[in-house]
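Take a look at the letters that make up each chain.
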Amino acid sequence: MDSDVFDVHCIRRRVGSTGLVIFECDDILLRHRPQFEDLTLGDIDANFVAMLQDFRNLDVRFGFITYHSAPRREPRVRIDSATLTRLLDDLLRVTGALPDFWIGTACMSALRQRHGSQIRDELDLITKLTESYGADLNKLVLVRKAESPQVSAHPSGLTEIFYPGLSARAASNISRPSKVGWLKTMIKHVLELE
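Model, not experiment: these values are computed from the prediction. (Residues numbered from 1 in each chain as written. Predicted model: local features only at pLDDT ≥ 70, side-chain atom pairs only at ≥ 80, totals over all residues. Heavy atoms only, no water.)

1. A few points about the pattern of salt bridges
What the rule picks out here adds up to 7 salt bridges. The salt bridge partner of Asp100 is Arg56, with a shortest N-O separation of 3.0 Å. On the criterion of sequence distance, the pair formed by Asp100 in the loop between α2 (81-94) and β5 (101-104) and Arg56 in helix α1 (residues 46-57) is long-range, its members being 44 residues apart. By relative accessible area, which is 0% here, Asp100 ends up buried. Looking at Arg56, the relative accessible area reads 12%, which means it is buried. A single network of salt bridges, built from pairs that share partners, joins Arg13, Asp89 and Arg93. (Salt bridge = Lys/Arg side-chain N within 4 Å of Asp/Glu carboxyl O. Helix = DSSP H or I, 4+ residues; strand = E, 2+ residues; numbered from the N terminus. Buried < 20%, exposed > 50% of the residue type's maximum accessible area, 1.4 Å probe, protein only.)

2. Side note on the pairing of strand β8 (residues 159-164)
Taking burial as the measure, the 6 residues of β8 include 5 buried ones, the bulk of the element. Where strand β6 (residues 140-146) and β8 come together, 6 bridges link them in parallel fashion. Note that in β8 the partner of Val141 across the bridge is Thr159. Pairing analysis gives 4 bridges linking strand β7 (residues 150-153) to β8, with the strands arranged antiparallel. For Ala153, the partnering residue across the bridge sits in β8 and is Thr159. (Pairing = 2+ DSSP bridges.)

Shown next as C-alpha cells:
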C-alpha cells in the first residue's frame, strides 16, 4: 500500500481498486460539533463505519473531504483539523475501514497553490482525484449530507447521493441502520457490485 502525505491536512494512498466514492466527512462519518474539543468517540457513526468495512472488503476505493477547520490560535481548541484527520485515519485503520484519501480545506488551498489555477473548485478537485486513481466517471459517487435521501446523476457521469447527516432535523421513522443500508445499496448499484 503506497501512502502519499501531501501535508498535514491531506493523505492519499492506494488501498481499493474499484470505483471511487467521495464522502463529505462532516456530519456523515462524524457528527458536526461547533468546537473540536466537544467531540467524543460517540460522535462517530458506528453503522457508517460498518458500511466502510464492507466496502473495504469489496475493494471499493473511497475517501473523505472535510470542510470543517478549527480556528487558528484559539486557546480553547485543543485539537486541530490535521490532528482530527490523523485520529480518524488511525481509528478507521484499526477497524478495517482504512480510506484511500482524506482531503481537508487546508489541503485544497495547498493543492491550488501547487497546481496554480488548475484546481479552481470542488469539481476540479474531484476531476483530479478521478484522474489520479484512474477511475471511471460512471463509477464515481459523491456522497453529500442533506436533510433527506435522494440520488442525482450528473451529465459528466458522476452520481451524487444526498444522505441525511447525523444532525438531520427531518422527522423520520426510518432508523439510522436502515438509512446506512439504503446508502450502501445505492453506492453498490452505481459501482455495479450487485
